[in-house]
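Residue-level listing of the chains:
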Amino acid sequence: MAKKRKSGGRSKGSSGKSGTVQCSKCGRIIPSDKAKKYTKRVSSVDPQLARELRKQGSYIPVRTITQYYCISCAVHTGKVQIRQASERRSKGRR
Ligand SMILES: [Zn+2]
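The structure displayed is predicted, hence computed values, not measured ones. (Residues numbered from 1 in each chain as written. Predicted model: local features only at pLDDT ≥ 70, side-chain atom pairs only at ≥ 80, totals over all residues. Heavy atoms only, no water.)

Colleague: Teacher, can you tell me more about the coordination of the zinc ion here?
Modeller: By definition of the ideal shapes, a tetrahedral metal site with four donors has angles of 109.5 degrees and an octahedral site with six donors has angles of 90 or 180 degrees. Within the first shell, the zinc ion binds the protein through Cys23 (SG), Cys26 (SG), Cys70 (SG) and Cys73 (SG), at distances of 2.2 to 2.3 Å. Each of the four donor atoms around the zinc ion contributes to a set of angles spanning 101 to 115 degrees, which defines the coordination as tetrahedral. Read from N- to C-terminus, the donor residues coordinating the zinc ion fall into the pattern C-x2-C-x43-C-x2-C. Remark: Cys73 occurs in helix α2 (residues 71-76) and Cys26 occurs in the loop between β1 (20-22) and β2 (29-31); sequence separation between them is 47 residues. Accessibility expressed as a relative area gives 9% for Cys73, which makes it buried. (Donors = N, O, S within 2.8 Å, 3.2 Å for Na, K, Ca; no water. Tetrahedral: all angles 85-135°; square planar, octahedral: opposite > 155°, others 65-115°. Helix = DSSP H or I, 4+ residues; strand = E, 2+ residues; numbered from the N terminus. Buried < 20%, exposed > 50% of the residue type's maximum accessible area, 1.4 Å probe, protein only.)

As structure tokens, this is what we get:
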């Protein structure tokens, strides 16, 4: 059968099995080297209120959330775009 990508869409190279992670959207179990990882900083305080508080010199804690997406969800949510074979190797914009 024809092979779409030499790597199979993965980044593990010649090493054997990689660990698994769960997709944050659909819950599918996916290999960690195939998953798309996104980190975002989330504040529990409303941004407008946070600005006011920061002006008065208070410290607002910001949590970092790490999310993993399976390929189907990453494409569906627009995190990655389907690209032509010639464009596929470039990093492009994320
Ligand atoms: Zn998913």
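Colleague: Honestly, a nonpolar patch on the surface in this entry has me stumped. Any pointers?
Modeller: Taken together, the side chains of Ile71, Val75 and Ile82 present a nonpolar region at the surface, about 270 Å² in accessible area. Classification of Ile82 by relative accessible area gives exposed; the value is 75%. (Patch = residues over 30% accessible without salt bridge, like charges linked within 9 Å, V, L, I, M, F, W, Y side chains within 5 Å. Areas by Shrake-Rupley, 256 points an atom, 1.4 Å probe, with all protein chains shown as cover. Salt bridge = Lys/Arg side-chain N within 4 Å of Asp/Glu carboxyl O.)

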